[in-house]
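Residues per chain, in single letters:
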Amino acid sequence: MNVRNKTILITGGAGGLGSAMARLLSENGAKIVILDLEAAKEKGDALVAELKAAGGEAWFCGTDVTSEEAWKKAVDFAVEVTGRVDVLVNNAGINIRKPVEEMNIDEWMTMMKVNTGSTFLGCKYAIPVMRRQGGGAIINTSSVCGLIGHKYTTEAYTATKGAVTMLTKAIASRYAKDNIRCNSIHPSTVDTPFIQVLFNDPEKGAQNRAERLGEVPLGRLATSADVANAVLYLASEEASFINGVSLPVDGGVTCY
C-alpha cells in the first residue's frame, strides 16, 4: 500500500492500537507524528526511537486531544516538521465501563468529550491544512458499537461511537469537493492485555471468553495488526476512491 512520504498524525499513538498503526505505516514509508498525552511521553519517545532505528521518520507531540489549543499546536507542529498533514487518524478514546443506570452525567460528558470531541477537533484543525495542500484523508476509529447496539458494551461508549460514525459520513460528504476523504473503522473486541485480564478473571473469565468469541463468525478476536492493516489501506493511494465508508474489522460480528 502506497503511503510513502505521507505525513500521518495518530492520536493515542503511544498506546497499543496506536503504536501498531504507527509501526505498520512507518514500515510502509510514512512520516509519523504521534499525538498522545504528556503522561505517555516516555512511551511515545521510545516508539519514536524505535521507528527511527528502523529507518523511519517520527516525532512525538504531547497533546490533550480534548483541548482546542493543543490541537492547534499539534497541527502546527506537524506542518513545521514535515510541511504537510496528509492523513489524520483519530484513534484516541476511553471507556468508562458503567451501564447507563449507574453512570452520572459528568461521566457521560467525559466520554463524549474524549471520544467525540477529540474527533471533531482533529477534523476541524486538519481540514484547512489538507485543503490548502490539495487533499488528504481522515480515518476515525469507531467500533462495532458505532454500527449496532452491543450488549456487552456500555451505552455511553456506544453513543459516542455512533456519533463518530455519522460525523465521518458528514465530513466525507461536505469535504470531498476539496479532495479530502473521511472513513471510519469499526473493530470488534481486540485481543489486548485488558481483554486477557477479563478472560482470566477467576469468577467470570470463562463466561467472558465464551461471550466475546461466540459472537464472532470467524471464531477469534481481532488483533492489533488486523486494525492497523485497515488503517494502512484507507490511508493509502489505493483507497483514493473510498470515501464515507464504515469499514467493519470484526470477523463478521455486524453481519447478523
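These lines cover the structure that appears in this document, whether it is placed above or below. Everything numeric in this text was worked out from a predicted model, so none of it was measured.

Describing the overall build of the protein
Here comes step 1: Secondary structure summary: the protein contains eight helices and seven strands in total.
Here comes step 2: Taken over the C-alpha trace, the protein has a radius of gyration of 18 Å; the compact-globule value for 256 residues is 18 Å, and the two agree within 12%.
Here comes step 3: Across its three principal axes, the protein shows a C-alpha extent of roughly 50 × 40 × 35 Å.
Here comes step 4: Taken over 256 residues, the protein has a buried fraction of 52%.
Here comes step 5: Contacts spanning at least 24 positions in sequence make up 72% of the contacts within the protein whose residues lie at least 6 apart.
Here comes step 6: For the protein, the computed accessible surface area is about 11800 Å², with 54% contributed by carbon and sulfur atoms.
Here comes step 7: Both charge centroids of the protein, one from 26 positive and one from 28 negative side chains, sit 6 Å from each other.

Describing the nonpolar core
Here comes step 1: Counting 33 residues, the largest nonpolar core has Ile8, Met21, Leu25, Ile32 and Ile185 as the members making the most contacts within it.
Here comes step 2: Secondary-structure elements contributing two or more residues to this core are β1 (7-11), α1 (16-27), β2 (31-36), α2 (41-53), β3 (57-62), β4 (87-90), β5 (136-141) and α8 (224-235).
Here comes step 3: Looking at which element gives the most residues to this core, the answer is α8, with seven residues.
Here comes step 4: Here Ile8 is in contact with Val3, Leu25, Ala30, Lys31, Ile32, Val33, Val87, Val89 and Ala235, once residues within four sequence places are set aside.
Here comes step 5: Val33, Val75, Ile180 and Cys182 belong to the second-largest nonpolar core, a separate cluster that totals 26 residues.

Some details on the sheet that holds β3
Here comes step 1: One open sheet accounts for seven strands, arranged β3-β2-β1-β4-β5-β6-β7; its pairing is parallel. Each of the sheet's edge strands pairs with one partner strand only, and the pair in question is β3 and β7 (246-249). Between one strand axis and the next, the sheet turns through 20 degrees on average, direction left out of account.
Here comes step 2: Note: strand β6 (residues 180-187) against β7, four bridges, orientation parallel. Looking at β7, one finds that His186 is bridged to Pro248.

Some remarks on the pattern of salt bridges
Here comes step 1: Inspection of the entire model under this criterion finds 10 salt bridges.
Here comes step 2: Where Asp45 meets Lys41, a salt bridge forms, and the shortest distance between an N and an O atom there is 3.0 Å. On the criterion of helical spacing, the pair formed by Asp45 and Lys41 is a turn pair, its members being four residues apart in helix α2.
Here comes step 3: Connected through shared salt-bridge partners, Arg131, Lys177 and Asp178 make up one network.

Looking at the environment of Gly149
Here comes step 1: Residue position: Gly149 is located in the loop between β5 and α5 (155-175).
Here comes step 2: Through-space distance from the C-alpha of Gly149 to that of Ala159 is 9.1 Å; in sequence the pair is 10 residues apart.

Notes on the pairing of β6
Here comes step 1: Across the eight residues that make up β6, a large majority, eight, are buried.
Here comes step 2: Both faces of β6 are covered, namely the face carrying Ile180, Cys182, Ser184 and His186 and the face carrying Arg181, Asn183, Ile185 and Pro187.
Here comes step 3: Of the pairings in the sheet, the one linking β5 to β6 comprises six bridges and is parallel in character. Each residue of the ladder has a partner; that of Ala137, found in β6, is Arg181.
Here comes step 4: Where the polypeptide runs from β5 across α5 and back to β6, its parallel neighbour, the crossover connection is right-handed.

Conventions and cut-offs
- Residues numbered from 1 in each chain as written.
- Predicted model: local features only at pLDDT ≥ 70, side-chain atom pairs only at ≥ 80, totals over all residues.
- Heavy atoms only, no water.
- Helix = DSSP H or I, 4+ residues; strand = E, 2+ residues; numbered from the N terminus.
- Rg over C-alpha atoms; globule rule 2.2 N^0.38 Å.
- Buried < 20%, exposed > 50% of the residue type's maximum accessible area, 1.4 Å probe, protein only.
- Contact = heavy atoms within 4.5 Å.
- Areas by Shrake-Rupley, 256 points an atom, 1.4 Å probe, with all protein chains shown as cover.
- Lys, Arg positive; Asp, Glu negative; His and termini not counted.
- Charge placed at Lys NZ, Arg CZ, Asp CG, Glu CD.
- Core = buried A, V, L, I, M, F, W, Y, C linked by side-chain atoms within 4.5 Å.
- Pairing = 2+ DSSP bridges.
- Axes fitted to C-alpha atoms, helices over the stretch in contact; angles between N-to-C directions.
- Salt bridge = Lys/Arg side-chain N within 4 Å of Asp/Glu carboxyl O.
- Right-handed = clockwise from strand over helix to strand, strands pointing away.

Interpretation in functional terms is not warranted from these geometric data alone.
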